[in-house]
Amino acid sequence: MRRDPEKTYEKILEISSKLFFEKGYENTSLQDIVNNLDGLTKGAVYHHFSSKDDILDAIEDKLLVENNPFKKVLVYSELTGIELIKKAFLLGIEDQEQQYYNKISMKIWRQSEKIQSPKMIAKMIEINKNILAPDLCKIVEKGIKDGSVDTKYPMEISEQILLQINIGLLLAISDITEKELTGKIEFISEWTKNMGVDFLDKELKEKLKHVFMEYCE
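Source: prediction; values computed, not measured. (Residues numbered from 1 in each chain as written. Predicted model: local features only at pLDDT ≥ 70, side-chain atom pairs only at ≥ 80, totals over all residues. Heavy atoms only, no water.)

Tell me about the overall build of the chain, and name the residues and values.
A tally of helices and strands in the chain yields 11 helices and 0 strands. Element order for the chain, N to C, with α for helix and β for strand: α-α-α-α-α-α-α-α-α-α-α. Burial status across the chain gives 45% buried among its 217 residues. If you take every contact in the chain between residues at least 6 apart in sequence, the share linking residues at least 24 apart comes to 71%. With an accessible surface of roughly 12,000 Å², the chain has 51% of that area assigned to carbon and sulfur atoms. (Helix = DSSP H or I, 4+ residues; strand = E, 2+ residues; numbered from the N terminus. Buried < 20%, exposed > 50% of the residue type's maximum accessible area, 1.4 Å probe, protein only. Contact = heavy atoms within 4.5 Å. Areas by Shrake-Rupley, 256 points an atom, 1.4 Å probe, with all protein chains shown as cover.)

Below, the structure is given as structure tokens:
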């Protein structure tokens, strides 16, 4: 019986995600994944993914699309734009499954020096621009209407906020002290405030510092 390639792809991600989370990424082999795929062969896995790292990347992408925090917070219509931006970043930080896979990826990238890979950076920019920025822009536009945000460039500021936090901080963690990370976060806080999007309060800055320092471990 011919299997649906899309269903096979999703099944591999589903099983791999479950095993990675339960057994740990390093303790899960490709053979473990194959053994839980109801008759699929290792060749079927290699048809979709060239390595376990590729499966991890796909899981992260899937989680990001399904759990996009900027999309999730749009339902809180009673909050101001600034409050929604802060809430979205807090949701992202508190998403334990997403953070688990982020930490694994950071460890792999740092060990293999992929942290400076142009391909990896390009992928991060694409995700920020095409998936996260459009929904963050909607929040910024809401903030402009309710007066909590002061900018004439909602999309541009949305893209730059994500670049500064999701890429700028990540690229810095390969070799950074807590003091240096604090300085970078304070710079982003002052920059966003000057740009009319003042959402980085003390609580969020501390949580950002904590999660990015964990990536360094």
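Which residues make up the side chain of Lys 86, and what values do they have?
With respect to the helices and strands, Lys 86 occurs in helix α6 (residues 81-94). Here Glu 203 takes part through its side chain, which lies 2.8 Å from a polar atom of the side chain of Lys 86. Apart from the residues lying within four places of it in its own chain, the contact partners of Lys 86 are Phe 199, Asp 201, Glu 203 and Leu 204. (Polar contact = N/O pair within 3.5 Å; in protein donor to acceptor, adjacent residues only side chain to side chain.)

Run through the packing of aromatic side chains, naming residues and quoting values.
Taken as a whole and assessed by the stated rule, the structure comprises 4 aromatic pairs. Ring plane angle 25° and centroid distance 5.1 Å describe the contact between Tyr 9 and Phe 49, whose orientation is recorded as stacked. Residue Tyr 9 is located in helix α1 (residues 5-23), and its partner Phe 49 is located in the loop between α3 (42-48) and α4 (52-66); the two are separated by 40 residues in the primary sequence. Aromatic pair Phe 70 and Phe 89: ring centres 5.3 Å apart, planes at 85°, arrangement edge-to-face. (Phe/Tyr/Trp six-rings, centres within 6.5 Å; stacked < 30°, edge-to-face > 60°.)

Explain the layout of surface pockets residue by residue, including any values.
Estimated volume of the largest pocket: approximately 710 Å³. Looking at the largest pocket, it is lined by 31 residues, and the ones nearest its centre are Leu 64, Gln 98, Asn 102, Leu 132 and Asn 166. Looking at the lining of the largest pocket, the elements that each hand over two or more residues are α4, α5 (69-72), α6, α7 (96-112), α8 (118-146), α9 (154-172) and α11 (202-216). Sort the elements by how many residues they give to the lining of the largest pocket and α7 lands first, with 6 residues. Grouping the amino acids of the lining of the largest pocket by side-chain chemistry returns 18 nonpolar, 8 polar and 5 charged. (1 Å grid on protein atoms, 1.4 Å probe; cavity = no way out; pocket = protein on both sides within 12 Å on 5 of 7 lines; lining within 4 Å. Points joined across faces, edges and corners; volume = space filled by probe spheres on them. Nonpolar A, V, L, I, M, F, W, Y, C, P; charged D, E, K, R; others polar.)

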